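Given next are the chains, with one letter for each unit.
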Amino acid sequence: MDNQSDIAAPGTSRRRDTGFPLLEVRDLGKKYNSSRESIVAIESVSVNLAQGEFLSIVGPSGCGKSTLLKIIAGLSTATSGSIRLNGSEVVRPGPDLGFVFQGDALLPWRTIRQNVALGLEISGRHREAARIRTDEMLRLVGLAEFGDRFPVELSGGMRQRANLARGLALDPPVLLMDEPFAALDAQTREIMQTELLKIWRQNKKSVIFITHQIEEAVFLSDRIILMSARPGRIIGDFIVPIERPRSSAVRFSNEFRELNREIWQQLRDEVTRANDQSKAATLKGSQSTGWGLRTRRR
Ligand code: ADP
């Protein structure tokens with residue numbers, strides 16, 4: 001099965017066949033209706049995720065990336081289209097899809113251990129099995145010594161590790177990550193990216209990762225898809241031809257810089273369009289989420 005064939009991707013470069021898809025997103029559309037207006041957030045989005053693949057989604061703010069991820073996770077419903085995981089339709093959140101939210105989504109009144117154990121508790125895991133698994137996850141993300149602390153006692157990087165541990169606790173084959181490192185400073189973010197790659201490799205996960213940063217996407221991914229300004233459609237699909245395992249040094253290589261440049265060239269117009277949409281919405285006095293794509297311009 002050619003898992004790329006249905007991706008509408010004008011200007012696309014470098015594709016590859018990544019085998020039978022684990023996750024299939026078909027013709028997905030989402031319209032938000034309110035008494036004041038109706039917003040088409042995403043339109044005709046089709047994308048596949050192969051077993052073990054690290055896929056990033058990049059696009060301007062407000063283009064529907066989070067909407068897409070929430071629908072894939074079963075946390076929101078699509079207006080049209082379908083999602084299949086291992087051939088079965090996804091209609092609600094389940095243990096096969098782990099979600100790591102933006103920023104710090106830990107519950108402040110629970111310790112780090114209790115936060116990491118949350119999904120295990122909800123899924124009804126036996127108490128002792130849950131304790132063993134929680135300890136394992138805390139060790140995996142380097143927080144074994146901090147399980148009894150509360151989120152407020154930890155640095156931003158440590159809280160984000162705890163978030164990741166919580167997402168991994170149920171051992172989902174697919175991990176959905178929505179700008180998980182956006183709130184971190186640049187140095188911590190780089191360290192977390194390297195840590196994430198280590199965990200991904202060791203645990204053989206398939207990942208969909210949303211980011212504003214092209215560089216982050218190139219460093220982490222096997223493949224990067226680009227979304228247009230709202231309504232979000234897929235306008236590009238890039239294979240990252242950089243050898244693994246990757247160290248931070250790859251950021252200085254020509255192929256890394258060249259791919260960054262190529263992606264930015266294709267996205268630039270969409271970012272301008274998203275900013276124009278945002279200004280128009282502000283002028284109309286409506287709420288807007290729009291900021292341009294935060295990336296270094298070359
Ligand atoms: P992104 O993650 O790319 O920044 P979102 O998926 O958050 O984009 O939002 C896409 C569009 O849908 C935006 O215009 C946003 O304002 C709108 N939107 C998102 N969530 C809702 C909602 N719950 N109700 C109405 N509009 C929404």
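Residues numbered from 1 in each chain as written. Predicted model: local features only at pLDDT ≥ 70, side-chain atom pairs only at ≥ 80, totals over all residues.

Chemist: Any chance you could explain the overall build of the protein here in plain terms?
Modeler: Counting its regular elements, the protein contains eight helices and 10 strands. Counting all 298 residues of the protein, 42% fall into the buried class. When contacts within the protein are restricted to residue pairs at least 6 apart in sequence, long-range pairs at least 24 apart make up 71% of them. (Helix = DSSP H or I, 4+ residues; strand = E, 2+ residues; numbered from the N terminus. Buried ≥ 20, exposed ≤ 12 C-beta atoms within 10 Å, placed from the backbone. Contact = placed C-beta atoms within 7 Å.)

Chemist: Help me understand the site of the ligand in this model?
Modeler: In the vicinity of the ligand there are 13 residues, among which Tyr32, Ala41, Lys65, Ser66 and Thr67 approach most closely. Only strand E2 (38–50) and helix H1 (65–73) provide two or more residues apiece to the shell around the ligand. Ranked by residue count, the leading element in the shell around the ligand is H1, at three residues. Class assignment of the residues belonging to the shell around the ligand gives a composition of four nonpolar, seven polar and two charged. (Near = placed C-beta within 6 Å. Nonpolar A, V, L, I, M, F, W, Y, C, P; charged D, E, K, R; others polar.)

Chemist: Looking at this structure, I do not really get the nonpolar core. What am I missing?
Modeler: Grouped burial of nonpolar side chains is what soluble globular proteins tend to show. Within the largest apolar cluster, 71 residues are counted, with the highest numbers of intra-cluster contacts made by Ile72, Ala165, Leu176, Ile208 and Ile224. Discounting residues that sit within four places of it in the chain, isoleucine 208 has contacts with Leu49, Leu55, Ile57, Leu69, Ile72 and Leu176. (Core = buried A, V, L, I, M, F, W, Y, C linked by C-beta atoms within 7 Å.)

Chemist: Sorry if this is basic, but what is going on with the environment of proline 231 here?
Modeler: Counting through the fold element by element, proline 231 comes out in the loop between strand E9 (223–227) and strand E10 (234–239). Apart from residues lying up to four places away in sequence, proline 231 is in contact with Val40, Ala41, Ile42, Glu43 and Gly64.

Chemist: Would you mind going over the sheet that holds E2 with me for this structure?
Modeler: Either a parallel or an antiparallel arrangement is found when strands of a sheet pair, and the pairing is made through backbone hydrogen bonds. Judged by pairing direction, the sheet is antiparallel, and its four strands sit side by side in the order E2-E1-E4-E5 without closing on themselves. Whereas interior strands pair on both sides, the edge strands pair on one side only; in this sheet they are E2 and strand E5 (88–89). Docked against the sheet, H1 engages strand E1 (21–33), E2 and strand E4 (80–85), running at close to 120° with respect to E1. (Pairing = 2+ DSSP bridges. Axes fitted to C-alpha atoms, helices over the stretch in contact; angles between N-to-C directions.)

Chemist: Any chance you could explain the sheet that holds strand E3 (residues 54–58) here in plain terms?
Modeler: Read from one edge to the other, the open sheet built from six strands follows the order E6-E7-E8-E3-E9-E10, with strand pairing classed as mixed. The sheet terminates laterally at strand E6 (97–100) and E10, the two strands that pair on one side only. Neighbouring strand axes in the sheet, compared pairwise and without regard to direction, differ in orientation by 15° on average. Alignment of E3 against strand E8 (residues 206–211), held across five bridges, turns out to be parallel. Bridge assignment links isoleucine 57 to a residue of E8, and that residue is isoleucine 210.

Chemist: Please clarify how the pairing of E4 should be interpreted in this entry.
Modeler: Working note: regular strand, side chains alternate between the two faces of the sheet. One ladder, built from five bridges, connects E1 with E4; its direction is antiparallel. Within E4, the residue paired with arginine 26 across the bridge is serine 82. Sheet topology places E4 next to E5; two bridges connect them, and they run antiparallel. Bridge pairing links arginine 84 to glutamate 89 in E5. The antiparallel pairing of E4 with E5 creates a hairpin that spans two residues between the two strands, and asparagine 86 there sits at a positive phi of about 50°.

Chemist: Mind showing me how you'd approach unusual backbone geometry here?
Modeler: Trans is the prevailing form of peptide bonds, just as negative phi is the prevailing case for residues other than glycine. With an omega of -5°, the peptide bond between arginine 230 and proline 231 qualifies as cis. In this model, arginine 244 is joined to proline 245 through a cis peptide bond whose omega is -5°. Looking at the secondary structure, you find proline 245 in the loop between E10 and helix H8 (254–283). Despite not being glycine, asparagine 86 shows a phi value in the positive range, around 50°. The phi torsion at aspartate 171 lies on the positive side, around 55°, for a residue other than glycine. As for its placement among the helices and strands, aspartate 171 is situated in the loop between helix H5 (156–168) and strand E7 (174–178).

Chemist: How should I be thinking about the confidence of the model for the protein in this particular structure?
Modeler: Parts of the prediction with low pLDDT should not have their coordinates interpreted in detail. Averaged over all residues, the pLDDT of the protein is 86; the fraction at 70 or higher stands at 88%. Taken as a whole, residues 1–18 scores under 50 in pLDDT and shows 38 contacts with residues more than four places along the chain or in a different chain. (pLDDT = per-residue confidence, 0-100.)

Chemist: Got a minute to help me understand helix H4 (residues 127–140) in this structure?
Modeler: Side chains that are three or four residues apart share a direction in an α-helix, a result of its 3.6 residues per turn. For H4, with 14 residues, the first-to-last C-alpha span of 20 Å sits near the 20 Å given by 1.5 Å per residue. Inspection of H4 places Arg133, Thr134, Met137 and Leu138 among the buried residues, and these make up the whole buried set. Taken down its axis, H4 places every buried residue within 140° of arc, on the same side. The outward face of H4, more than 90 degrees from its buried face, is lined by the exposed residues Glu128 and Ala129. In the core, the buried residues of H4 are packed alongside helix H2 (112–116), helix H3 (118–122) and H5. Backbone geometry just downstream of H4 places glycine 142 in the positive-phi region, at approximately 75°. (Expected span 1.5 Å × (residues − 1). Arc of directions from axis to C-beta.)

Chemist: When you look at H5 in this model, what are you seeing that I'm missing?
Modeler: The end-to-end C-alpha distance of H5 is 18 Å, a good match for the 18 Å that 13 residues give at a rise of 1.5 Å each. Burial runs high along H5: 10 of the 13 residues are buried. Against E6, H2, H3, H4, E7 and helix H6 (186–203) lie the buried residues of H5.

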